[in-house]
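# Structural description and commentary
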Amino acid sequence: MKNSFHASRIRHQALAFTLIELILVLALLVIITSIAAPAMSRFIRGRALDSEARRLIALMHAAQSRAVSEGMPMMLWVDEKAGGYGVEAETSGQNGDTKAEELTVDSTLQISVMNFGTGVQTTFKNLPAIRFLADGTVDENSPQTLKLTDSDGFGRWLAETKLRTGYEINDTGQ
């Protein structure tokens, strides 16, 4: 009986982990996590930037479609200070535009309007704006580029297409 107890105890000890082994495994997990965490944060940050750029492009397409279908110019305004943007009919009348939309930029991002032209910039309610004409084109005085920037300076540019039929997403300002 003593031999069977001793043999059982030896088998049990052989299956258990020592404290040193557990500490080593935890140290390896900490090292792996510290290597992977920055890459994951860049990935998540890039997703927010791309998602916001796609959302802005979608609103531009909606404004352009609405301008064509309603036969009147639509204004996509940008509020750089408040971090918002929206769409409203240029002549919304007394009751306002019931189909107007207003969105807020993700809290980790900033939006800015870049106008490289020498002409007068289009504005709506004292804010820079893109004017979509009733034929679906972009007014020549509208900003040529919008820029979304994250806290680390990474950005996406929404640049006007050469034919002034809309905007496209670029990683650079060109």
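The rules behind each value
- Residues numbered from 1 in each chain as written.
- Predicted model: local features only at pLDDT ≥ 70, side-chain atom pairs only at ≥ 80, totals over all residues.
- Heavy atoms only, no water.
- Core = buried A, V, L, I, M, F, W, Y, C linked by side-chain atoms within 4.5 Å.
- Buried < 20%, exposed > 50% of the residue type's maximum accessible area, 1.4 Å probe, protein only.
- Helix = DSSP H or I, 4+ residues; strand = E, 2+ residues; numbered from the N terminus.
- Pairing = 2+ DSSP bridges.
- Axes fitted to C-alpha atoms, helices over the stretch in contact; angles between N-to-C directions.
- Contact = heavy atoms within 4.5 Å.
- Salt bridge = Lys/Arg side-chain N within 4 Å of Asp/Glu carboxyl O.

## Points about the nonpolar core
Soluble, globular proteins show a tendency: their nonpolar side chains are buried together. Counting 25 residues, the largest nonpolar core has L56, M60, L76, I130, F132, L146 and L158 as its most contacted members. For this core, the secondary structure elements donating two or more residues are helix 2 (19–70), strand 1 (74–79), strand 2 (84–89), strand 4 (109–114), strand 6 (127–132) and strand 7 (145–150). Examining the composition of this core, we find that 8 residues originate from one element, helix 2, more than from any other. In this structure, M75, W77, F124 and A129 belong to the second largest nonpolar core, which totals 5 residues.

## Comments concerning the sheet that holds strand 8 (residues 155–160)
A sheet is described by the order of its strands in space; here 4 strands give the open sequence 4-7-8-9, paired in antiparallel fashion. Only two strands of the sheet have a single partner each, and these edge strands are strand 4 and strand 9 (167–170). When strand polarity is set aside, the average angle formed by the axes of neighbouring strands in this sheet is 20°. Inspection of the sheet shows strand 4 paired to strand 7 by 6 bridges, in the antiparallel sense.

## Considerations on the side chain of D139
Relative to the assigned elements, D139 resides in the loop between strand 6 and strand 7. Aside from chain neighbours lying at most four places away, what touches D139 is T122, R131, L133 and R164.

## Considerations on the pairing of strand 6
For strand 6, the tally of buried residues reaches 5 of 6 residues, placing the bulk of the element in the interior. Pairing between strand 1 and strand 6: 4 bridges, direction antiparallel. Bridging from a neighbouring strand, M75 pairs with R131 of strand 6. In this antiparallel pair of consecutive strands, strand 5 (residues 123–124) and strand 6, the connection spans 2 residues, and K125 shows a positive phi of 55°.

## So, the pattern of salt bridges
One pass over the full model with this rule turns up 8 salt bridges. A salt bridge links R156 to D50; the shortest N-O distance between them is 2.7 Å. Placement of the pair is R156 in strand 8 and D50 in helix 2, with a sequence separation of 106 residues. E52 serves as the salt-bridge partner of R55, at 2.9 Å between the closest nitrogen and oxygen. On the criterion of helical spacing, the pair formed by R55 and E52 is a turn pair, its members being 3 residues apart in helix 2. The partly exposed category is assigned to R55, whose relative accessible area is 32%. Of the residues examined, E52 reaches a relative accessible area of 5% and is grouped as buried. Salt bridges linked by common partners bring R66, E70, D97 and K99 together as one network.

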